[in-house]
Structures are given as structure tokens and as C-alpha cells.
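Residues per chain are reported as follows:
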Amino acid sequence: TTTTTTTKVVVLGGTGRVGSATAAALVRGANGGVEVTLGGRSRERDAEAKARHRGLANASFVEVDVCDKASVTRAIQGADLVINTAGPFQRRKSCAALEAALESGVKYLDVCDDASYGAEAKELSEKAKAAGVAAITCAGIYPGVSNLMARDIVESMKAEFRATEENEGKEPEVEYVLYNYFTAGSGGVGTTILATSYLLCGEDVVCWEDGQRIVEKPASQRKVVDFGKGVGRREVFLYNLPEVASTREIFGARTVKARFGTSPGIWNGAMVAIANLVPKSLLENQDAMKGLANFSAPIVRSVDKIVGETTSIRVDVKLKDGKQSVGLYTHPRLSECVGTCTASFATAMLNGECAPGVWYPEEVEAISDRDALFERAKEGTSLFALNQAPWMVESKPVNLGFGLYWT
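The following paragraphs examine the structure supplied in this document. Along each chain, numbering runs from 1 in the same order as the chain's sequence is written. For this predicted model, a pLDDT threshold of at least 70 governs which residues receive local features, and a threshold of 80 or more governs which side-chain atom pairs are given and counted, while totals over whole chains, interfaces and linings are taken from all residues. Think of the side-chain values as coming from all heavy atoms in the structure, minus any hydrogens and water.

This next bit is on the pairing of strand 13 (residues 311-319). Three labels apply to residues, based on accessible area from a 1.4 Å probe with only protein chains included: buried if under 20% of the type maximum, exposed if over 50%, partly exposed otherwise in between. Secondary structure counts use DSSP, requiring at least four H or I residues in a row for a helix and at least two E residues in a row for a strand, with both numbered from the N terminus. Most of strand 13 is tucked away, with nine of its nine residues classed as buried. The alternating pattern of strand 13 places Thr311, Ile313, Val315, Val317 and Leu319 and Ser312, Arg314, Asp316 and Lys318 on opposite faces, both of which are buried. Whether two strands pair comes down to DSSP finding at least two bridges between them. Bridge count between strand 7 (residues 174-184) and strand 13: nine bridges; the pairing is antiparallel. If you follow Tyr176 over to strand 13, its bridge partner there is Lys318.

Structurally, Gly185 can be placed in the loop between strand 7 and helix 8 (191-200). It is 8.7 Å that separates the C-alpha atoms of Gly185 and Lys305, two residues lying 120 residues apart in sequence.

Our next topic: the state of the cysteines. Cysteine sulfur pairs qualify as disulfides if the two atoms are within 2.5 Å. Across all of its chains, the model carries zero disulfides by this definition. Between Cys354, a cysteine without a disulfide, and Cys138, which holds the nearest cysteine sulfur, the sulfur-to-sulfur distance is 13 Å. By relative accessible area, Cys354 is classed as buried at 10%.

This brings us to the sheet that holds strand 5 (residues 107-110). Strands sit in the order 3-2-1-4-5-6-15 across an open sheet of seven strands; the sheet is parallel. Edge positions in the sheet fall to strand 3 (60-63) and strand 15 (357-359), since each has one partner strand and no second. Going from strand to strand, the sheet's axes swing by 20° on average, the running direction of each strand aside. Two elements, strand 1 (residues 7-12) and strand 2 (residues 34-40), share six bridges in a ladder whose sense is parallel. Looking across to strand 2, one finds that Val10 is bridged to Thr37. It only takes one pair of heavy atoms within 4.5 Å for two residues to be counted as in contact. Fitted lines through C-alpha atoms give the axes, limited to the stretch in contact for helices. The angle between two N-to-C directions lies from 0 to 180 degrees. Packed on one face of the sheet, helix 5 (residues 115-122) meets strand 4 (81-84), strand 5 and strand 15 and runs near 155° to strand 15.

Purely spatial values, then, with no claim about function.
As C-alpha cells, this is what we get:
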């Protein structure tokens, strides 16, 4: 007699845009081997999620309060993995879902995009190790796949550096890691992402420049970045994102910054205005920013229909006194690839690729088979490239013949 073991996964925030996309991608990739439960606030939202994703027709629903440890504990009983997509993570006062997972012996994954929450989650790493529970915080697309792209580029460049005879015995230093993100419109991922954007306008930006920790204003230091074919040159601005702190800690890069931009340009201008004109006390109020997100959502969605939801990641890495290398990830639909990327991490965890402890995505203990994760995460992309010379990824290089290009 052959017995089939079904893996059980609970997705907190599973009735939302990111959570339902993640659940759908997980079910699609598992070919029936995963039983998914959508955790959310209401059955009405559950019905809406299943209407968006037909593959979730058989998913069960559990009512849960992600900020209540007892509620989460009840919801994840018997699960193999809990995925926390219930944002915004900004201004959240506890890691209740992670604590519930550790105490219940359930693997944990979240899509946190808040530096403070990620750092608080990391403080529970020893507790996770003692419990024998694997956990990854700040996963998904960005942060998440972007961090792994940085790891891949850093490791490849260091290996090339060490392979040179003149560098024998030397350890290369990472001069900079620069994260740049672009998403057309709101990316089609719902009001939670809008609320997150507004909340980030109230956070001072902590970044590193030439080995010094510096603090800048949010939505500042405008820069135009080339995201390659299909996206081209876009303006991006500094925001306080968790991959900056983790990259500095893990790779020791002397300069680390993360920028984000959208289109049309009026939205970037609106974010700059919000960051500079709205009182900080209001920007730090999660309920107020959720209200602003709900109010502005119809306007944003009407524009989304025109500009689409293409998303792109560019990661630049340079070794000190060495070469520069670039990674690019572009997908035509953020609402789809955010689920694909998060599900890619979930699959890796279910396959036993993550060691006990709480890890950032780019830590070696987080994902043991990076190539397999990239293979899953790049599903549907229009462009995915790693370890490229900057001139090779520019949007309009001119072919001079004989393998030579001019940009």
C-alpha cells in the first residue's frame, strides 16, 4: 500500500493580494501535494481571494488575528509551515506570529519589508535554534529574491578574485551593494502595499556610505537607474528597507542603499510631497495610513489600468579595487511574481533547505540550493540575469560588430 503525505501550509493574510497569490503559486507548483489554509479576518475576503485564484477553490479558511499569539497558535496547529503575508509590518509591536510558530514547532516564513520588524525577528534566532525550527524573515520578491541576487553576485565575484594568482591569500572587500526597484503604478497588489508605501514616508532612512552609518530623509536622493530592456531608465528614491541592514551585516559592504520608484512620475512626486509635508506623527500612525490607502486606492487603480504593473529589480555590486557586476529581474505582473517568489522560498523550506534559526534570505543558512530557488522565482519573467557587466544590461546598447558594443 502506498501512502501519500500531504504537506500542510497556513498562509496568514492569505485572503489578501500577496497572500492569495502566494497560496495559488504554492498549490500550482506542488501538483496537489500541498494542503493550503488561508488565514484572514473574514470569510467574505476568503471568497474574494478564491474568485481571483481558481486554484484555491479547495483551500480551507481560518479566522485569525495575526497580532494575537494565541489566535495564531490555534490557526497553525498541525501545519508544516506558516507563511506570514499579513502586512503592513511597519509599526507592528510584536512578532506574535513568529513566536507562535516557534512555540508550536512550525517552520516560519514572512514577507516583512520593515527594518525594525526584521531586526526584532532576528533576535529570536537562538530561541528558534533551541526549538529546532527554521525561519526566514524579509523574504518574497524584494526584499527576498533581491537579497539572494546580491549573495550570488558577491560569491561569484569573490571566487573570481581568489582565482587570480596575485590575490592568493587575500580576502576581497565589498565596496558597495546598491538595490534599486521599480514598479509601474501600485503593482496591482492591493491597499496593504499602498499603506506600506505611505508608512515608509514617515521613516528616516538608515543606510551606509563609505563605511559610515548615515541617516537620510525618506523619498530623497533621487537617482535615474537603467533597468534594462523593456523598462529602461527610471527615477528611484531612498527608502528605509531591511535589506540595507542585513547586507551591511552579512557582507560588510562599505556602501549599501535601497531605492524605489514608480510610474507615472506624478506618483513619485506625491510620495516626496507626503514625506516632506505630512506631519511625521500622522505618517507613523498605521490606522491613518491604512485609511489613506483605502481612500486613494480607486484613483491609483484607475491609473494602474493605463501603466500596467511591470516590476524590476536591479542589484549592483562592486568589490574594492575590483570589478562591478549587475543582476536584473523583470516581470510584467507584480501581483503574480510576488506570489511566485514567496512560494519559491516556501518550497525551499518545505524541502528542508533552511537550518534551524531565524535568517535573512541572503544568509548561507537560509537557502541551501539558491539555483533551484532562482529557477522557480524566474517563472514568467521577461528578463533575469546575474553577474553581468553593467554595459551588458543597458536598455539600448549599440552593436559595433565583432562582439563589441557602445552604450
